Amino acid sequence: MDASAAGSRGGPALRFLCPKISLLSPPSRSLLRWLVGAPRVLPPFTVAAVLRPTHGDHAAPDLPREADEIRGLLPRGFDIIGALLVGGGGSDADVTCALEQARVLRELLFGVAASHGLVGGHMDAATGEIRFVLSESGGTDSVEGSVVTWEDEPGRLLWEKGCLLRCQLPLKLPLYLRPDVNSGIEERFSSLIESTIAKLRDPHVSYLVEGPITSSESHHSIILRGDDLSFDSHTHGNSRKNNCTTSIVSCSEFFTEKRYNFSLTRENADAIAITVNQSASSLKPGTTPVVEYFPASAPASLRVIILKLDILCYTSIDFPVAAAVSELVIPGLADQMIVMKRIIASEITQQVQLCPFHFIPSGLHVPVTAIYNTRYGEIEERQSELRKELHIRLGLPLDRPLLRISNALTFGSMGKRKKSMPRSGIHPAYVATYTPLLCFPPELHVGSCGSSLLREVHREIPSSGVSGGVMSLIDGSYEYYHYLHDGIDDNGWGCAYRSLQTIVSWYRLQQYSSIDVPSHREIQQVLVEIGDKDSSFIGSCEWIGAIELSFVLDKLLGVSCKVINVRSGDELPEKCRELARHFDTQGTPVMIGGGVLAYTLIGVDYNEASGDCAFLILDPHYTGTDDLKKIVNGGWCGWKKSVDSKGRSFFLKDKFYNLLLPQRPNMV
């Protein structure tokens, strides 16, 4: 852990789990940052994430609008613990103002004053030095802090101590409207939402709690009744007993010792699942159901409001699950209903189709939830603007699609879960359903043809041997295409096709495109369609090069490419600086074509002072099985120097080379 003292005196420490770069921003003007923590789980004054205000300015942010949006974004369990002003003078008044704004925002979010301490501070944009004050729980006085620490392994602290709970709840809410009167619709809708929220705490509502399922273990499950949720949770905050009542079963009971010590990734997210049911036990034994008739005073039409609630909550693994449901899950469902009500109310006459999705984009350690109107397509401008606003709030780059639906977290075990709650007498409005979600190991992908494709084969590659070099590598996931793959005998002519397939796979896996990786014939058809080749080219074994690849990428993906020409293999090391800049800024695979050979370049190691360099080559000429060890040991993916220690040249002196540098689309 890197600890830097902001002052010489001892005092309370401020710990950051997010990197320092997440606090900074290119503009030189002063900017405010909301500090997010998890006071129930993490040590006091620990910042797990940073949010940027998007309404108002740092001097006068629109706090009610900020609260409305953050309420739907942050899972319950995460909380606003302070504010930090980046840039500007950093006077005492600035620090105090940041603290007060955090206090007001937090009260707007939860309706009550914070029961934990709050932070107000200032960060020098040039030096990164932070000056801050702390106010203790429930107090208005503040003390100056002196130590700032930056955690090296933030994920470990978050997920060793905490876990996720997930609740999906589809609702159908009846809204009766008079066709000739538009006034009062929002009020009636608000009343409907409030009554639905109140029913979540009805003593006859049951909560089925289930742990994640794996193929090697049975899952633990319990049913919580309404009465189980009305106890003093603080009495049993750290209890963990094998034979205990449902009221004091801790969240850790739903994971094995190793299961809850995991790293949260997009393709591997475990959560305790909560299913909400309203049982028929509300009727007393022997009684007969009664139907009451209330005639309408005027003609009315029925409008069914469909809500697909899907929330995450974060809590300590030692926290009683009944308390988690009462204090996190139910308020979380209420929060999401309120957020959806606000969205729907603005378009009450439209068929709004809201659906929440959970994300943990690269660089962020805290999961966030985005509510999208699925009536709009992914390329719809309105949806794009919403994603752009979220990117700005989360400090994400604006040139890559990190919050598209295809990037959402997948909870692989959810699709295997059996409905163990009795079906009879369950009100259909309170039955949660699960959608099967597939989760693949990170190094393996099941392709459209049913074949197994290796990913990121360079991860096990030893060092390049460049002394003092700086590595610049591909950014993101890709699939390794090579000779004879998919049963196609392209040995001797298909290397450029395979390089193109690897490049297209990169765009697919980074969610820039959803098209299938094209076959050799489909690549040839594209070149014929655009007029680059005549019809006899389809089905042939003719080579293609970098220029043809650029045509296909433009036609299929709308991707532009830069081309670097070198007259001889001896000149390639001179392009290392430019290639390093490409990987640092674009991060896409590069195709190298020269003579009769084509390679895929996925990184360079370059010492700018000495000029020494190495190229990380993914060789499509491999003809064996997809055995990672065999590929690495055989040098089919590895670091290559232009001239090795024995004087042998990898790139030929008497051949020209074209380097195709696909560009990253500027989109979210």
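Above: the structure in question.
These remarks concern the structure in this document. Please read all numbers here as calculations on a predicted model, not as lab measurements. The residue numbering used here restarts from 1 in each chain and proceeds along that chain's sequence as written. Two thresholds apply to this predicted model, a pLDDT of at least 70 for residue-level local features and 80 or more for giving and counting side-chain atom pairs, whereas whole-chain, interface and lining totals are computed over all residues. Side-chain descriptors were evaluated using all non-hydrogen atoms of the structure, hydrogens and water having been removed beforehand.

Salt bridge, as applied in this entry: a Lys or Arg side-chain nitrogen positioned within 4 Å of an Asp or Glu carboxyl oxygen. Under the definition given, this model contains 24 salt bridges. Among the salt bridges present, the one from E327 reaches R40, with a minimum N-O distance of 3.0 Å. Of the two residues, E327 sits in helix α5 (residues 321-345) while R40 sits in the loop between β3 (31-37) and β4 (46-47), which places them 287 residues apart along the sequence. Each residue's exposure class comes from its accessible area (1.4 Å probe, protein chains only) as a fraction of the maximum for that residue type: buried when under 20%, exposed when over 50%, partly exposed otherwise. Residue class for R40 comes out partly exposed when judged on its relative accessible area of 42%. A salt bridge links R76 to D335; its shortest N-O distance comes to 2.7 Å. Labels follow the DSSP assignment, with helices taken as runs of H or I lasting at least four residues and strands as runs of E lasting at least two, numbered in each case from the N terminus.

A 1.4 Å probe that fits into a set of points on a 1 Å grid over the protein atoms alone but cannot get out defines a cavity; an open set with protein on both sides within 12 Å along at least five of seven lines defines a pocket, and lining residues are those with an atom within 4 Å of a point. Grid points are joined across faces, edges and corners, and a volume is the space filled by probe spheres set on the points. Applying the stated criterion across every chain yields a total of 3 cavities of 30 Å³ or more. Each pocket or cavity is described by its volume, and for the largest cavity that value is around 170 Å³. Taken together, 15 residues line the largest cavity, and the ones lying closest to its centre are R71, L74, P75, R76 and D335. Those elements that place two or more of their residues in the lining of the largest cavity are α1 (63-73), α2 (92-110), β15 (301-316) and α5. Residue polarity follows a fixed list, in which Ala, Val, Leu, Ile, Met, Phe, Trp, Tyr, Cys and Pro are nonpolar, Asp, Glu, Lys and Arg are charged, and the others, Gly among them, are polar. The class makeup of the residues in the lining of the largest cavity is 8 nonpolar, 4 polar and 3 charged.

This part is about helix α10 (residues 576-585). Here α10 has its buried residues at C576, L579, A580, H582 and F583. What you see down the axis of α10 is that its buried residues fit within an arc of 155 degrees, all on one side. Trailing α10 by a residue or two, G587 shows a phi angle of about 75 degrees, which is positive. It is the directions from the helix axis to the C-beta atoms that the arc portrays.

Looking now at the packing of aromatic side chains. Pairing of aromatic rings covers Phe, Tyr and Trp, the last through its six-membered ring, and needs centres within 6.5 Å; plane angles under 30 degrees mean stacked, over 60 mean edge-to-face, and all others mean tilted. Within the structure shown, the criterion is met by 15 aromatic pairs. Ring plane angle 20 degrees and centroid distance 4.5 Å describe the contact between F16 and W150, whose orientation is recorded as stacked. In this pair, F16 sits in strand β2 (residues 13-16) while W150 sits in strand β10 (residues 147-150), placing the two residues 134 residues apart along the sequence. By relative accessible area, which is 0% here, F16 ends up buried.

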